[in-house]
Amino acid sequence: MSVSRMPQHNGAMNAVWTWVRQHGGKLLLGLLALLLGAALLRWWMGPQVQTEVVQRRDLLQTVVATGRVETPHRVDIGAQITGTVARVPVAEGQVVKAGDVLIELVGAELRSAQRQAELAVTQAQGRLRQLNDLQGPVVQQTLRQAQASLDTARASWQRSLALFEQGFIGQAALDESRKALALAEAQVLAAQKQVASTQAGGAEHSLAVGAVAEAQANAEVVSAKARYAVIKAPVSGQLIGRNVEVGDVVQAGKVLMTLSPEGATQLVVQIDEKNLRLIALGQQALASADAYPQQKFKAQVAYINPGINAQTGAVEVKLDVLESVQTLRQDMTVSVDMEVARKPQALALQVSQISDINGAAPWVWLLEGGHAQRRSVRLGLRGGAWVEVLDGLREGDAVITPPNASSNALREGQRVRAQP
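A quick note: this is a predicted structure, and the numbers were derived from the prediction, not measured. (Residues numbered from 1 in each chain as written. Predicted model: local features only at pLDDT ≥ 70, side-chain atom pairs only at ≥ 80, totals over all residues. Heavy atoms only, no water.)

## Focus: the overall build of the protein chain
The helix and strand inventory of the protein chain stands at four helices and 22 strands. Here the protein chain holds 420 residues, and 32% of them are scored as buried. Taking as baseline every contact in the protein chain between residues at least 6 positions apart, the subset at least 24 positions apart corresponds to 74%. (Helix = DSSP H or I, 4+ residues; strand = E, 2+ residues; numbered from the N terminus. Buried < 20%, exposed > 50% of the residue type's maximum accessible area, 1.4 Å probe, protein only. Contact = heavy atoms within 4.5 Å.)

So, in structure tokens, the structure goes:
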């Protein structure tokens, strides 16, 4: 049975090959014509291009900068007197409260001088009390006695004068009476001067009061020096520097510690001068420390330096930290993203679609009626990968992605077709 079927199979194959020899040329020509037509159609329709539709979206423009953490001011702490360090109870990096002891100097000599000054005040005050309570009443009594003696001498003088005029006594007796009167008057005058001297405003009283004031002033100076031996924190904060050890001999005015006060913390960043027009006081920002990049915190522009660094072309900007951030440390590096402008539902296009975007006349390739048209655009707010289109395009326009350097450049009016 197999032998009888072989001639039938061979006959069918021969028939096929005969048909191909007769009609193959026409088939090949048809296929070539079809391929050529497709190529001509693609050529006539132009190359495929990628497009993006102009659309509305919320735009947020930011300026990114790096900087450091610092407090608005630092407090340099030093000794006001020369002395030897006896104790340093705090360490660098420690948080202290106002009034905490930071450094103690050896104060035995100062305490001795303070006791001597206090004793001098006590002695001066005792001298003043003696003048008021003892010497004053004594001179008052002396004045009264002198006044009584003067009255007696005056009466005696009057009697002697009458007796002399009557001839009962001689000139010598009259002269003796006159001398006694003059002596009594002199004694009264001296007593009056003593009384005036011991009363308030008198010379002796003023000297005593002055001695008390001088002793008290000296005691205050010595007491202040004694207090200077104990150096305390003027405000609460963190010690960010310590340059003193026990046993050091320190000089007045030398900085021994640096204190970063607690409270307001600022971020100091450098902004390129080309962005200066975008920065304004009160603008909000989102910041993070490089050591803790996932911990974002809010800040606000508080200061813009009026000058520009001639070497770097940068402007110093300070931002207040608006919340408590426990991880921040003095001089820590931070990154700041400042919000400089916001516009909802702005007509926008991706930055990559625009040619000469930083030039004076930016433009785009617009797909219009199957042709590539060069269209000038006016740009506005720029936020990240998007930029606002103020003029030149409408919502829904198809903008052609600019060809890269390896592809053929587009020509004005060239037919193009959008890539699906």
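We are not done yet, so read on.
## Some points on the sheet that holds strand β6 (residues 95–96)
Hydrogen bonds along the backbone pair up the strands of a sheet, which may run parallel or antiparallel. One open sheet accounts for four strands, arranged β4-β11-β9-β6; its pairing is antiparallel. Because the sheet does not close on itself, it has two edges, and the strands there are β4 (75–78) and β6. Here five bridges tie strand β9 (residues 237–242) to strand β11 (residues 255–261), and the two strands are oriented antiparallel to one another. Note that in β11 the partner of Q238 across the bridge is S260. (Pairing = 2+ DSSP bridges.)

## Let's talk about the layout of surface pockets
Quantified by volume, the second largest pocket comes out at close to 440 Å³. What lines the second largest pocket is a set of 19 residues, among which Q61, R277, N358, G380 and R382 lie closest to the centre. Breaking the lining of the second largest pocket down by element, the ones donating at least two residues are β3 (55–70) and β19 (378–383). With six residues, the single largest contributor to the lining of the second largest pocket is β19. When grouped by side-chain class, the residues that make up the lining of the second largest pocket number eight nonpolar, seven polar and four charged. (1 Å grid on protein atoms, 1.4 Å probe; cavity = no way out; pocket = protein on both sides within 12 Å on 5 of 7 lines; lining within 4 Å. Points joined across faces, edges and corners; volume = space filled by probe spheres on them. Nonpolar A, V, L, I, M, F, W, Y, C, P; charged D, E, K, R; others polar.)

## Topic: the pairing of strand β15 (residues 314–321)
Among the eight residues that make up β15, six are buried, leaving the element largely enclosed by the rest of the structure. Where strand β14 (residues 292–304) and β15 come together, five bridges link them in antiparallel fashion. Opposite Y303, over in β15, you have K318 as the bridge partner.

## Description of the pattern of salt bridges
Taken as a whole, this structure holds nine salt bridges when the rule is applied. Between R154 and D151 there is a salt bridge whose closest N-O contact spans 3.7 Å. Of the two residues, R154 and D151 are both situated in helix α2 (residues 108–166); the distance of three residues between them amounts to about one turn of the helix. Judged by relative accessible area, which is 31%, R154 ranks as partly exposed. (Salt bridge = Lys/Arg side-chain N within 4 Å of Asp/Glu carboxyl O.)

## Comments concerning the packing of aromatic side chains
Within this structure, the stated rule accounts for one aromatic pair. Ring centres of W363 and W365 lie 5.4 Å apart, and the angle between their planes is 85 degrees; this geometry places the pair in the edge-to-face category. On the basis of relative accessibility, which here comes to 8%, the residue W365 falls in the buried class. For K318, the ring lying beneath its charged end belongs to Y303, and the centroid distance is 5.5 Å. Looking at R374, its charged tip hangs above the ring of W363, at a distance of 3.7 Å from the centre. (Phe/Tyr/Trp six-rings, centres within 6.5 Å; stacked < 30°, edge-to-face > 60°. Lys NZ or Arg CZ within 6 Å of the ring centre and 35° of its normal.)

## Here's the deal with the nonpolar core
One finds L267, I271, I279, L319, V336 and M338 to be the most contacted residues of the largest nonpolar core, which totals 23 residues. Those elements giving two or more residues to this core turn out to be β3, β12 (266–272), β13 (284–289), β14, β15 and β16 (333–350). By residue number, the principal contributor to this core is β16, which donates four residues. Each residue touching V336, except ones within four places of it in the same chain, is listed here: V63, V64, A65, L267, V269, A285, L286, A287 and L319. The next biggest cluster of nonpolar side chains, apart from the first, holds 20 residues, and it includes V88, L239, V244 and L259. (Core = buried A, V, L, I, M, F, W, Y, C linked by side-chain atoms within 4.5 Å.)

## So, the confidence of the model for the protein chain
Confidence in the prediction for the protein chain averages 78 pLDDT; 80% of positions are at 70 or higher. Every residue in residues 1–6 scores below 50 in pLDDT, and together they form zero contacts with partners more than four places removed in sequence or on other chains. (pLDDT = per-residue confidence, 0-100.)

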